[in-house]
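# Coordinate inspection notes
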Amino acid sequence: MANLLRARQRQKAMLAAKGTTTDGYAGAMDRRLGLAAAVAVIALAGCGGRPQQPAASTPANPVTTTTGILPSGVPTVGSRPPADALPPPAEPRNAPPPSSPIPGRTVAVGQAPEGIVVDAATRTVAVAKRNPNELILINADTGAITGRTPLPGFARHLQLAAPGGPALVPVESANALVRVDLPGGRAEPQILTGTVPHDAAAAPNGLVFVANEHGGTVTVLRGAQIVTVFTDSVQPAGLAPVGTSMGLLDVRKNDLTVYDTDALSIVGSTPAGAGPTHLVADRHGRMIAADTRGDAVRVFTPRPQAREVASVAQPGGPYGIAYDATRDRLWVASSGTNEVVGYDMSEPTPREVQRLPTVQNPYTVGVDTTTGRLFIAGVTAGVVQIVDAK
């Protein structure tokens, strides 16, 4: 009991110092700190590695099973399945520096750029970097850096809430989501969502889903308010919306779960390969996953029940993934081979149409749907490669 009280006091002091809570959430976190640290350690590796987080919480009501922090008074859906026998999450592979010239040009942005997203409407590229933790804004036409937005911690994946922004920035080390206006770069107040938010995606109805990777939860936001928490995951990661479906990859269960974004219910799940990590949706209503450990790109239909409909092999640990709806073109980066592969998606089975050499370790890729230009984040060299694809 003494250890539990000390843990509560440390967490309360840390949150007060950061000033990161929303109304009512600090008290909820304080009440729910607890005894599940040994469970949380299981999940500390996935999707590229990240530092150890504080001890996870145990809800007062044991009906909901999750290793993460939960807000009080919010409905929860689902229960965390047993995780002891599950494999570790897939990790991005590393490659040596390129031995030959690469196409396009590079823009130095700073240490460990990883999350990247392109907003064609405002002609802005946003890329997250570390030390200091910032969102770098780049003009999509000129490649010039136009702004720097400080972040309260590090982020590794970015999406747009809608054309024109804002950018959705899940700040893993702050347990919070930050919305950043484009093209100006003004950051809105952060919202605590759960333990280590890894990805965030907006549904057409405006709700934002946040995958809290080390908490085993998916938080649903309406504006700044948490309306539902899904607690059916072990280690949730990549998210992608299409229609009234929100797809989620679990990097421990290695499956794809589909949520109904209107009913806020679980539609179902299906196996998603040997080690999937990241997800996009195409204009045909399909969801496409990078199976990093399985060296494959896998295509799914989400309704009426999620199921795999096609796949194609891609060596080198496919990891970063982006989709150009204008050209119906999928781009998948393999960090283990320093290349990005383009696929035509007019049919369910991806058809390779272009293969480009990249900077070292291209963990994430973004595409300008107006020009087709690619923006590739080289995590090792600290650069963004800009390439005009065919």
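Residues numbered from 1 in each chain as written. Predicted model: local features only at pLDDT ≥ 70, side-chain atom pairs only at ≥ 80, totals over all residues. Heavy atoms only, no water.

On to the pairing of strand β28 (residues 373–378). Side-chain positions along a regular strand alternate between the two faces of the sheet. The element β28 is extensively covered by neighbouring structure, given that six of its six residues are classed as buried. Side chains of β28 alternate between two faces, with Arg373, Phe375 and Ala377 and Leu374, Ile376 and Gly378 buried alike. Pairing of strand β27 (residues 362–367) with β28 involves five bridges; the strand directions are antiparallel. Of the residues in β28, the one forming a bridge with Val367 is Leu374. Hairpin geometry of β27 and β28 is characterised by an intervening segment of five residues between the two adjacent antiparallel strands and by a positive phi of about 80° at Gly372. Of the strand pairs in this sheet, β28 and strand β29 (residues 383–388) are connected by six bridges, and their pairing is antiparallel. Across the sheet, the residue bridging to Arg373 is Asp388, located in β29. Turn length for the β28-β29 hairpin, with the two strands adjacent in sequence and antiparallel, is four residues, and the turn residue Gly382 shows positive phi of about 70°. (Buried < 20%, exposed > 50% of the residue type's maximum accessible area, 1.4 Å probe, protein only. Helix = DSSP H or I, 4+ residues; strand = E, 2+ residues; numbered from the N terminus. Pairing = 2+ DSSP bridges.)

Before going further, it helps to examine the nonpolar core. In terms of nonpolar packing, the biggest core is built from 17 residues, with Ala126, Leu135, Leu158, Val169 and Val180 touching the most fellow members. If near-sequence neighbours (up to four positions away) are discounted, Ala126 is found in contact with Gly115, Ile116, Val117, Leu135, Ile136, Leu137 and Leu158. Ala201, Ala211, Met246 and Leu248 belong to the second largest nonpolar core, which has 14 residues in total. (Core = buried A, V, L, I, M, F, W, Y, C linked by side-chain atoms within 4.5 Å. Contact = heavy atoms within 4.5 Å.)

Moving on, we come to the sheet that holds strand β20 (residues 287–291). Strand order in the open sheet made by the four strands is β19-β20-β21-β22, with antiparallel pairing throughout. Unpaired on one side and paired on the other, β19 (276–281) and β22 (307–313) mark the two borders of the sheet. Adjacent strand axes in the sheet meet at a mean angle of 25° when their direction is disregarded. The pairing of β20 with strand β21 (residues 296–301) spans five bridges and is classified as antiparallel. The partner of Met287 across the bridge, within β21, is Phe300. (Axes fitted to C-alpha atoms, helices over the stretch in contact; angles between N-to-C directions.)

Another point: the packing of aromatic side chains. Summed over all chains, the structure comprises four aromatic pairs. Taking the centre distance of 6.3 Å and the plane angle of 15° together, the rings of Phe209 and Phe230 count as stacked. Taken together, the positions of Phe209 in strand β12 (residues 208–212) and Phe230 in strand β14 (residues 225–230) put the pair 21 residues apart, joining distant regions of the chain. With centroids separated by 5.6 Å and ring planes inclined at 65°, the aromatic side chains of Tyr319 and Tyr363 adopt a geometry described as edge-to-face. On the criterion of sequence distance, the pair formed by Tyr319 in strand β23 (residues 318–324) and Tyr363 in strand β27 is long-range, its members being 44 residues apart. Assigned by exposure class, Tyr319 and Tyr363 land together as buried. Here the basic side chain of Arg130 rests over the ring of Phe154, its NZ or CZ set 4.1 Å away from the ring centre. (Phe/Tyr/Trp six-rings, centres within 6.5 Å; stacked < 30°, edge-to-face > 60°. Lys NZ or Arg CZ within 6 Å of the ring centre and 35° of its normal.)

Each strand in a sheet pairs with its neighbour through backbone hydrogen bonds, running either in the same direction (parallel) or in the opposite one (antiparallel). With antiparallel pairing, the four strands of this open sheet are ordered in space as β7-β8-β9-β10. The sheet is open, and its two edges are formed by β7 (159–160) and β10 (191–192), each paired on a single side.

In this section: the confidence of the model for the protein. Across the protein, the average pLDDT comes to 87, with 83% of residues at or above 70. This model gives residues 1–45 a pLDDT under 50, and the stretch forms 70 contacts once residues within four places in sequence are excluded. In the predicted structure, residues 48–65 sits below a pLDDT of 50 and forms 58 contacts with residues beyond four places in sequence or in another chain. (pLDDT = per-residue confidence, 0-100.)

A separate point is the layout of surface pockets. For the largest pocket, the calculated volume is near 1100 Å³. Along its surface, the largest pocket is lined by 40 residues, and Val117, Gln159, Leu160, Val280 and Tyr323 are the ones closest to its centre. Elements with a minimum of two residues in the lining of the largest pocket: β3 (116–119), β7, β11 (197–202), β15 (236–242), β19, β23 and β27. Grouping the constituent residues of the lining of the largest pocket by class yields 25 nonpolar, ten polar and five charged. (1 Å grid on protein atoms, 1.4 Å probe; cavity = no way out; pocket = protein on both sides within 12 Å on 5 of 7 lines; lining within 4 Å. Points joined across faces, edges and corners; volume = space filled by probe spheres on them. Nonpolar A, V, L, I, M, F, W, Y, C, P; charged D, E, K, R; others polar.)

Here the bond from Leu182 into Pro183 is cis, since omega is 5°, no more than 30 degrees from zero. Relative to the helices and strands, Pro183 resides in the loop between β9 (176–180) and β10. At the junction of Arg303 and Pro304, the peptide bond is cis and its omega measures out at 0° in the coordinates. For Asn338, which is not a glycine, the phi torsion comes out positive at approximately 55°. Secondary-structure assignment places Asn338 in the loop between β24 (329–334) and β25 (339–344). Since its relative accessible area comes to 9%, Asn338 is described here as buried.

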